[in-house]
Amino acid sequence: MAAFMSSYSSQTYALLRIVSGLLFAFHGSQKVLSWPLEASAGMPWFITYIAGPIELIGGLLILVGLFTTWAAFLSSGLMAVAYWMAHGTKALFPQENQGELAVLYCVVFLRMSAKGSGVWSIDDSRK
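All figures in this text were calculated on a predicted structure; none of them were measured in a lab. Just so you know, the residues in each chain are numbered from 1, in the order the chain's sequence is written. For this predicted model, a pLDDT threshold of at least 70 governs which residues receive local features, and a threshold of 80 or more governs which side-chain atom pairs are given and counted, while totals over whole chains, interfaces and linings are taken from all residues. Only heavy atoms go into the side-chain values, all of them from the structure, while hydrogens and water stay out.

## Some remarks on the side chain of Lys31
Phase 1 of the analysis: Counting from the N terminus, the helices are DSSP H or I runs at least four residues long and the strands are E runs at least two residues long. Position of Lys31 among the secondary structure elements: in helix H2 (residues 9-33).
Phase 2 of the analysis: A distance of 2.9 Å separates the side chain of Lys31 from the side chain of Glu55, its partner in a polar contact. The term polar contact refers here to a pair of N or O atoms within 3.5 Å; inside protein, the definition further demands a hydrogen-donor-capable atom paired with an acceptor-capable atom, and it admits residues adjacent in sequence only when both atoms are side-chain atoms.

## What to know about the packing of helix H3 (residues 45-64) against helix H4 (residues 68-87)
Phase 1 of the analysis: For helices, the fitted line uses only the C-alpha atoms of the stretch in contact; every axis is such a line through C-alpha atoms, and the angle between N-to-C directions lies from 0 to 180 degrees. Packing of H3 against H4 brings their axes to within 9 Å, and their N-to-C directions diverge by 145 degrees. When you trace H3 past H4, the crossing you get is left-handed. Of the residues in H4, those in contact with Phe46, Ala51, Ile54, Glu55, Gly58, Leu61 and Ile62 of H3 are Thr68, Ala71, Ala72, Leu74, Ser75, Leu78, Met79 and Met85. Definitions for this section: a left-handed crossing has its near helix turned counterclockwise from the far helix by less than a right angle. A right-handed crossing has that turn clockwise. We call two residues contacting when some pair of their heavy atoms lies within 4.5 Å.

## Re unusual backbone geometry
Phase 1 of the analysis: In this structure, the amide linkage connecting Trp35 to the following residue, Pro36, adopts the cis form with an omega of 10 degrees.
Phase 2 of the analysis: You can see Pro36 is positioned in the loop between H2 and H3.
Phase 3 of the analysis: Of note in this structure, Ser34 is not a glycine but carries a positive phi near 55 degrees.
Phase 4 of the analysis: Mapped onto the secondary structure, Ser34 falls in the loop between H2 and H3.
Phase 5 of the analysis: Relative accessible area serves as the criterion here: at 32%, Ser34 is assigned to the partly exposed category.
Phase 6 of the analysis: Despite not being glycine, Phe67 has its phi angle at roughly 50 degrees, a positive value. Burial classification: accessible surface area is computed with a 1.4 Å probe over protein chains only, and a residue below 20% of its type maximum counts as buried, one above 50% as exposed, and the rest as partly exposed.

## A few points about the environment of Thr68
Phase 1 of the analysis: As for its position among the elements, Thr68 is in helix H4.
Phase 2 of the analysis: For Thr68, a relative accessible area of 0% corresponds to the buried category.
Phase 3 of the analysis: C-alpha of Thr68 to C-alpha of Ser7: the two residues are 61 residues apart in sequence and 23 Å apart in space.
Phase 4 of the analysis: Discounting chain neighbours no more than four positions away, the residues touching Thr68 are Arg17, Leu61, Gly116, Ser117 and Asp123.

Keep in mind these values describe shape, not function.
Put into structure tokens, the structure is as follows:
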């Protein structure tokens, strides 16, 4: 790590957790609440009733840093399944099948499930 950023590693990790949790929650709110954009018509039931709530609730838990390890692990698994169900059947590489976001969420959340919530989180304040 570059020396000038080493003293900020915990804060930048917290920023990654907060921003990715917020964006993931927006994906869920689109499916469950049709907000901020209307969800696609004709979406399969399991995306609306299984993936949507996991994205919304998991994203909010990751955002605030509550039960982050479990929420991130479940969200990572969801994104792995989403990649292979929705994107991986079209082409192998994410650049070909528009699955970059699913892969990125999967790996980021997997890292969070291993590292935990870090600073600026409810989990950290309960220690």
